[in-house]
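# Observations on the model geometry
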Amino acid sequence: MVDALLAILEAQKVPVYRQGSRSDDDIYEDTFITFWNDDAPDHAHYDNTEYGTAWAFTVNVYSNDPAVPYTMLDSIRAALKAAGWQVQGRGYDVPSDERTHTGRGITCSFLEIPTDEEPEPEPEPEPEPEPEEDPEEETEI
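Since this is a predicted model, take the numbers as computed values, not measurements.

## Quick look at the nonpolar core
Membership of the largest hydrophobic core comes to 20 residues, with the highest contact counts inside it found for Leu5, Ile33, Val59, Ile76, Leu80 and Cys108. Secondary-structure elements contributing two or more residues to this core are helix H1 (2-10), strand S2 (31-39), strand S4 (52-63), helix H2 (68-82) and strand S6 (102-112). It is H2 that contributes the most residues to this core, 5 residues altogether. Not counting chain neighbours up to four residues away, the residues in contact with Leu5 comprise Phe35, Phe57, Val59, Leu80, Trp85 and Cys108.

## Considering the side chain of Asn60
Looking at the element boundaries, Asn60 is found in strand S4. The residues touching Asn60, leaving out its near neighbours within four places in the chain, are Gln19, Phe32, Ile33, Thr34, Val94, Arg104 and Gly105.

## Quick word on H2
The end-to-end C-alpha distance of H2 is 21 Å, a good match for the 21 Å that 15 residues give at a rise of 1.5 Å each. When we look at burial in H2, the residues that qualify are Val68, Pro69, Met72, Leu73, Ile76, Arg77 and Leu80. Summarising the axial view, the buried residues of H2 lie within an arc of 150°, below the 170-degree limit, and thus occupy one face. With respect to the buried face of H2, the exposed residues turned more than 90 degrees away are Thr71 and Ala82. Buried residues belonging to H2 abut H1, S2, S4, strand S5 (86-94) and S6. A positive backbone phi angle near 95° is found at Gly84, which sits one or two residues after H2.

## Here's the deal with the confidence of the model for the protein chain
Of the residues in the protein chain, 84% have a pLDDT of 70 or more, and the chain-wide mean is 86. Ranking the elements of the protein chain by mean pLDDT puts strand S3 (residues 42-43) last with 78 and H2 first with 97.

## Some thoughts on unusual backbone geometry
Of note, the phi angle at Lys13 is positive, near 65°, even though the residue is not glycine. Mapped onto the elements of the fold, Lys13 is located in the loop between H1 and strand S1 (16-18). On the accessibility criterion, Lys13 (73% relative accessible area) is exposed.

Rules of the game
Every chain is numbered independently, its residues counted from 1 as its sequence is written. It should be noted that, the model being predicted, local features are given only for residues of pLDDT at least 70 and side-chain atom pairs only at 80 or more, the latter also being counted only at that level, while totals for whole chains, interfaces and linings use all residues. Side-chain numbers come from the whole structure's heavy atoms, not from hydrogens or water. Residues belong to a common nonpolar core when they are buried Ala, Val, Leu, Ile, Met, Phe, Trp, Tyr or Cys residues joined through side-chain atoms within 4.5 Å. Only protein chains enter the area calculation, which uses a 1.4 Å probe; residues under 20% of their type maximum are buried, those over 50% are exposed, and those in between are partly exposed. Secondary structure is summarised from DSSP: a helix means a run of H or I of at least four residues, a strand means a run of E of at least two, and numbering begins at the N terminus for each. Two residues qualify as a contact provided that any one of their heavy atoms is within 4.5 Å of a heavy atom in the partner residue. By this rule the span expected of a helix is its residue count minus one, scaled by 1.5 Å. In this description, one arc is meant: the one made by directions from the helix axis to the C-beta atoms. As a per-residue quantity, pLDDT reports the predictor's confidence and falls between 0 and 100.

What follows is the structure, encoded as structure tokens:
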């Protein structure tokens, strides 16, 4: 599910980082996104068997333009919902380590239900037999 989330976030055309992965020496870009996997518990056990994974993520947008986190989160929220994710609310303020940047975040989740059966491959059509030549048939030259 991380790959699916990253594809949506990277479509915003700004750098994307795992939350907390930047060092104190890194210079903040004008705008960037962070994400964090909050939890990924098994979902609904029955007979000691789960039937899926309930992925939960936090997505934060930071920018030196205070309007960008609002507009970009709206875009991310719409893309997540279109891809089947659940998004709780319109977002919330998040603190920034840099006085020049403001941040906003959302919490999103996805219930991943794996398919047990792989689809059967389509059988390849059998080649049509070539017509047999009749040895008694004469060919004209």
